[in-house]
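Listed below are the residues making up each chain.
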Amino acid sequence: MKKKTTILGIETSCDETAVSIIQENGSDKPSILSNIVSSQVDVHKEFGGVVPELAARSHIEKIDMIAKKAIEKSRIKIEEIDAVAATAGPGLIVCLSVGLNFGKTVALSLKKPFIAVNHLEGHALSPKLNSKINYPYLLLLISGGHSQFLSVQGLGKYKRLGTTIDDALGEAFDKTAKLLGIEFPGGPKIEEYAKLGDKNYYSLPKPIINRGGCNLSFAGLKTAVLKISKTIKSNQDKYNLAASFQKTIEEILCEKSKIAFKEFKKNNKIKKNIFVIAGGVASNKNIRYKLSELSLKEKFDPIFPPISLCSDNAAMIAMVGLEKYKHGINNNLDFPAKPRWPLDSKAAFLKGAGVKL
Ligand code: KG4
Ligand code: ZN
């Protein structure tokens, strides 16, 4: 019987220590044999954001134990692993270094290939863990650090169509949450508050909605939320602000997605257009619903990772490892940690570009 390719994935780019083992099983998608994620929410919550030094320490303390758990849960023998894939960037360098060095050491001791993975490519390929997806496809990546529309042409082949010129969407959710007195990371709580509020109560701006192509901007929205938050008197006001904020985000994403659809279709003449939405913010059910509705109307097939695989995890890193392994791609053990590692290396750096748009 042909041996099934088995990949060990490792993720420590920010505040999640994660290890996963996935295995090809002859179908269109691999089996996730184990997927252990240890979150550091309790370490950082009193600081209102991730403290790099504390995050790195926590990764160092936990990585061995998380890897051991992942191997035990998978019920494979460590010798059965065909390659080790670890996130090499982008992210906090002190955090990246922990998982990257751990991965290199495991690969060296097992005498198996080492594969350096771009964390963003992990999110980009995460829906492949549960759906068959052919290239090319349009991707909206919405996480705590990034908000981009990308045309995914193939493994490692990305063309950026639009990006945020200031805050990332997850950041906008977290900052709004903070203004409402919610602990970091507040995105999921905003979703809960929004269910209790009137989404039409406050009118909020949609920065650069009619210009800048499918580029995004959330800084002006944050300023408006800041002003309103000072007038808040009751819990109901908080729920109304959360609902109005979430509705505004849905409208921005829908308007900008329409522009991205046009751009994507101009350069890709294919029968079936696919729209993948990934990253932590893609776990928001209202955003999922609105973007699905729009996609179907515009004849794009909407695909999301399951909610459990939207936020940072190592199964998505192993997924990239599996694709690279099948293409015979691996890396030397001197591969560096890359705090900045854009998927489209030709795209211009746009942060702070507001005035030029
Ligand atoms: O992809 P991710 O886990 O980490 C990064 O790579 O950044 O994304 C984390 C971000 C955080 O800003 C978090 O607040 C946001 O995703 N998030 C949400 C929801 N769940 C997580 N934002 C809105 N609604 C949610 N349900
Ligand atoms: Zn992420």
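Our subject is the structure that appears above.
Residues numbered from 1 in each chain as written. Chains lettered and ligands numbered in written order. Predicted model: local features only at pLDDT ≥ 70, side-chain atom pairs only at ≥ 80, totals over all residues. Heavy atoms only, no water.

Student: Just to check I follow, could you spell out the coordination of the zinc ion (ligand 2) for this structure?
Tutor: For a metal bound by four donors in a tetrahedral arrangement, the ideal donor-metal-donor angle is 109.5 degrees, while six donors in an octahedral arrangement ideally sit at 90 or 180 degrees. Those protein atoms acting as donors to the zinc ion (ligand 2) are His119 (NE2), His123 (NE2) and Asp312 (OD), and they sit at 2.0 to 2.1 Å. Positions of the donor residues of the zinc ion (ligand 2) along the chain correspond to the pattern H-x3-H-x188-D. Highlighted residues: His123 in helix α4 (residues 119-125) and Asp312 in the loop between β10 (300-303) and α10 (315-326), separated in sequence by 189 residues. Across this residue pair, the class does not change: His123 and Asp312 are buried. (Donors = N, O, S within 2.8 Å, 3.2 Å for Na, K, Ca; no water. Helix = DSSP H or I, 4+ residues; strand = E, 2+ residues; numbered from the N terminus. Buried < 20%, exposed > 50% of the residue type's maximum accessible area, 1.4 Å probe, protein only.)

Student: For this particular structure, what's the right way to read unusual backbone geometry?
Tutor: One can expect most non-glycine residues to show negative phi and most peptide bonds to be in trans. Pro90 follows Gly89 through a cis peptide bond whose omega is -15°. Secondary-structure assignment places Pro90 in the loop between β4 (83-89) and α3 (93-110). Residue Pro185 is reached from Phe184 by a cis peptide bond, and omega for that bond is -10°. Its place among the elements puts Pro185 in the loop between α5 (169-179) and α6 (187-195). At Arg75, a position not held by glycine, the phi torsion is positive, near 60°.

Student: For this particular structure, what's the right way to read α3?
Tutor: Residues three or four positions apart in an α-helix share a direction because the helix packs 3.6 residues into each turn. For α3, which comprises 18 residues, the first-to-last C-alpha distance of 25 Å matches the rise-based estimate of 26 Å (1.5 Å per residue) to within 8%. Among the residues making up α3, those that are buried are Cys95, Leu96, Val98, Gly99, Leu100, Phe102, Gly103, Lys104, Val106, Ala107 and Leu110. Packed against the buried residues of α3 are β1 (6-11), α2 (52-74), β4 and β5 (114-118). With its phi angle positive at about 55°, Lys111 sits one or two positions after the end of α3. (Expected span 1.5 Å × (residues − 1). Contact = heavy atoms within 4.5 Å.)

Student: Just to check I follow, could you spell out the packing of aromatic side chains for this structure?
Tutor: Geometrically, a pair of aromatic rings is defined through the distance of the ring centres and the angle of the planes. Summed over the entire model, instances satisfying the criterion amount to eight aromatic pairs. Summarising the aromatic geometry, the rings of Tyr135 and Tyr137 are spaced 5.8 Å apart at their centres and angled 10° between planes, so their arrangement reads as stacked. Using a relative accessible area of 27% as the deciding quantity, one classes Tyr135 as partly exposed. What makes Tyr137 buried here is its relative accessible area of 0%. With a centroid separation of 4.8 Å and 75° between ring planes, the pair formed by Tyr201 and Tyr202 is classed as edge-to-face. Under the relative-accessibility criterion, Tyr201 is labelled partly exposed at 45%. Given the relative accessible area of 15%, Tyr202 is considered buried. An aromatic cluster is present here, built from Phe261, Phe264, Phe275 and Phe300 joined pairwise through their rings. Note that Lys128 overlies the ring of Tyr135, its terminal NZ or CZ placed 4.2 Å from the centroid. (Phe/Tyr/Trp six-rings, centres within 6.5 Å; stacked < 30°, edge-to-face > 60°. Lys NZ or Arg CZ within 6 Å of the ring centre and 35° of its normal.)

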